[in-house]
Amino acid sequence: MSSVSAVIARALKPIAPQIFGLMGNGNAHFLDAAVRQGFDYTAVRHEQATVTAADTHFRLSGKLAIASTTYGAGFTNAVTALAEAAAANTPVLFVAGDAPTGGLRGWDVDQTAINTAVRAVTYTVDAQNPGDTALQAAAHALRERTPVVLAIPYDLAAAPASQEGPWDLGQYSFDPPAPRLGEEQLQQIAALLNAAQRPHVLYGRGALDAAGPMARLADKLGATSSGTLLARDLLARPADLGITGGFSTEAAAQLIAQADTVLVLGASLNQFQMRFGQLFDPAARVIQVDVAPTATSPRVDVFASADSGQALDQLLPLLQERAGGRRYCDGLDLTAVRARPAGDPVAADGLLDPRRVASELEEILPENRLLVQDGGHFIGWGPMYWSTSGTRSLSCVGTAYQSIGLGAASMVGAAPVAEGRTVVLAAGDGGFLMSLSDLESIVRTVSSGVIVIYNDSAYGAEIHQYGSIGLHEDPMLIPTVDFAALAAAFGATGISVKSVADLEQVRAWVGAGANGVCLVDARISPLVRAPYMEEVLQANAKSAAELVSQSD
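Residues numbered from 1 in each chain as written. Predicted model: local features only at pLDDT ≥ 70, side-chain atom pairs only at ≥ 80, totals over all residues. Heavy atoms only, no water.

(A) Structural detail: the overall build of the protein chain. Helix and strand content of the protein chain: 20 helices and 18 strands. Radius of gyration (C-alpha) of the protein chain: 24 Å, near the 24 Å computed for a compact globule of 552 residues. Considering only C-alpha atoms, the protein chain reaches an extent of 75 × 60 × 60 Å along its principal axes. Taking all 552 residues of the protein chain together, the buried fraction comes to 58%. Of the roughly 21500 Å² of accessible surface on the protein chain, a fraction of 51% belongs to carbon and sulfur atoms. With 36 positive and 55 negative side-chain charges, the protein chain shows a separation of 6 Å between the mean positions of the two kinds. (Helix = DSSP H or I, 4+ residues; strand = E, 2+ residues; numbered from the N terminus. Rg over C-alpha atoms; globule rule 2.2 N^0.38 Å. Buried < 20%, exposed > 50% of the residue type's maximum accessible area, 1.4 Å probe, protein only. Areas by Shrake-Rupley, 256 points an atom, 1.4 Å probe, with all protein chains shown as cover. Lys, Arg positive; Asp, Glu negative; His and termini not counted. Charge placed at Lys NZ, Arg CZ, Asp CG, Glu CD.)

Next up, the structure:
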């Protein structure tokens, strides 16, 4: 008779064969069973990295992965990453040890209550049907696009299970719902699009699997198009403007603001995408198609709850060719719409201009690349300057929950799906110090990777948001760390970059084959502010002024 842990592993192997884990008392039997079952197992060095790596793995591959830790402290170490996955609607299956069925011990906490607090769902196995419970949990994660915790009570992990399998996977609902447009909605949206003179298509992460029909719709309408950060460059068409929102160029933002009709597909229209309400012309008609139950922004004029791919298939036959073959996008000068300032070699304080570092690395880094990002002020430079290599080639774990310190684990999560691409991580000095233990995991698992540390010896976001309004900067500062030396100690190539000329060492590393991991410690100036941060500060100042006005 198989143990509960062995049955869980046997049931999950066809659904989620990749595990990112850190072994402890609560999950030792499960990980033993999983390795014996032939799972692809990646060990990490901090529990937070288990969930972050599994989160990144799904964002880049579209395939469910398992995170696994022990109970208690091992579980709570992963809670920030769990909250990020929930905020980002990422399916993750977190197999965790839990308190025994007899109740909490002195070192246990109410893990189910914590899961609920961060908007994750809990399934707890028993000895009767552990395989069925595990498959229900995996199905829930995929169907509802959410992290699910599969809890294994400590006294049941090695206990004999009543069921052995196999299971009929057809009885589980793994696919998310894909609703279609109702007939009235379909006709209304088609009429608005056919009447548009200056149409624009804005796509987001929810439309990643609908690139083909979306490009055909945009071309038929003669529309400009653009993507949110996590869906950037999904449409390889001349009239695609690149990133929407705070990371867009001013030229792209001006063109989007000229649209009289905007079709939004699979994008949430959050404050950053909307440039704090300034993205669209006030007179533009905004149509949102999303699987959400209601519109996600008050700016939406027409909302339809539908799957983007299904909606596009319905809309395409109803759209009319432009009269006389004249298309709006053909009359626009788009030659410089993606151009960005290259930046100066150094800023006023003599340190590197981060824009120059980013623009130089765009030319140096291997073209075939995956981009992963930590959180922090520097987050603008990578997406603004670095190109990607197709769909699902950029992941920003941490942005949904406004967290830093998840970047190193994101690189580990990207490694199994890199498929010959170079994994490039952009991180700040503060966030990378939080996750330094998993530099070892990166060196061990990534066959070709570049870590770019934007090292300003500070928590840059706080410097720009709060130092700029007079708050004392001492708590925002970090002693300058030699990350290149740390990289060498961990077995990577470390390059200290204090001038543009120093980047030639990175070029040489790439030229030699880009094998292993190269850490670029770029000593950047804290004086150069990212454009998106300027928008944040302007929005904050406007809100503060409105509060003062209301109190007068």
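(B) Structural detail: the side chain of R421. Turning to its location among the elements, R421 is positioned in the loop between helix 14 (407-414) and strand 15 (422-428). Buried R421, no salt bridge; nearest opposite-charge side chain is E419, N-O distance 4.4 Å. One polar contact links the side chain of R421 to the main-chain carbonyl oxygen of A418, over a distance of 3.0 Å. With residues up to four places along the chain from it excluded, the contact list for R421 reads N368, R369, L370, S389, R392, S393 and S448. (Salt bridge = Lys/Arg side-chain N within 4 Å of Asp/Glu carboxyl O. Polar contact = N/O pair within 3.5 Å; in protein donor to acceptor, adjacent residues only side chain to side chain. Contact = heavy atoms within 4.5 Å.)

(C) Just helix 18 (residues 483-490), in detail. Along helix 18, the residues classified as buried are F483, A484 and A487. Seen along its axis, helix 18 keeps its buried residues to an arc of 105°; they face one direction. Packed against the buried residues of helix 18 are helix 15 (429-434), helix 16 (439-445), strand 16 (448-455), strand 17 (493-497) and strand 18 (516-523). Among the residues of helix 18, the N-terminal cap falls to D482, whose side-chain oxygen and the backbone nitrogen of A484 are separated by 3.3 Å. After helix 18 finishes, the residue G491 shows a positive phi value of roughly 100°. (Arc of directions from axis to C-beta.)

(D) Layout of the environment of H140. As for its placement among the helices and strands, H140 is situated in helix 7 (residues 130-144). Classification of H140 as buried rests on a relative accessible area of 16%.

(E) Structural view of the packing of helix 3 (residues 47-61) against helix 14. Viewed as axis vectors pointing N to C, helix 3 and helix 14 meet at an angle of 50°, and their least axial separation amounts to 7 Å. Relative to helix 14, helix 3 is oriented oblique. Here helix 3 and helix 14 pass one another in a crossing that is right-handed. Between helix 3 and helix 14, the residues in contact are A49, T52, A53, T56, H57 and L60 and A409, S410, G413 and A414, respectively. Across the contact of helix 3 with helix 14, the residue classes tally to five nonpolar, five polar and no charged. (Axes fitted to C-alpha atoms, helices over the stretch in contact; angles between N-to-C directions. Parallel < 35°, antiparallel > 145°, perpendicular 65-115°, else oblique. Left-handed = near helix turned anticlockwise from the far one by under 90°. Nonpolar A, V, L, I, M, F, W, Y, C, P; charged D, E, K, R; others polar.)

(F) Geometry of a nonpolar patch on the surface. A cluster of nonpolar residues, Y466, I469 and L471, forms a patch on the protein surface that exposes about 300 Å² of accessible area. Its relative accessible area of 44% is what places L471 among the partly exposed residues. (Patch = residues over 30% accessible without salt bridge, like charges linked within 9 Å, V, L, I, M, F, W, Y side chains within 5 Å.)

(G) Geometry of the sheet that holds strand 11 (residues 285-290). Taken in spatial order, the six strands make up an open sheet running 9-8-7-10-11-12, and their pairing is parallel. Edge strands, defined here as strands with exactly one partner in the open sheet, are strand 9 (240-243) and strand 12 (302-305). Neighbouring strand axes in the sheet, compared pairwise and without regard to direction, differ in orientation by 15° on average. Relative to strand 10 (residues 261-265), strand 7 (residues 199-203) runs parallel, the two sharing five bridges. Across the sheet, residue V201 finds its bridge partner in strand 10, namely L263. The sheet contacts of helix 9 (residues 211-221) involve strand 7 and strand 10, and relative to strand 7 the element is tilted by about 165°. (Pairing = 2+ DSSP bridges.)

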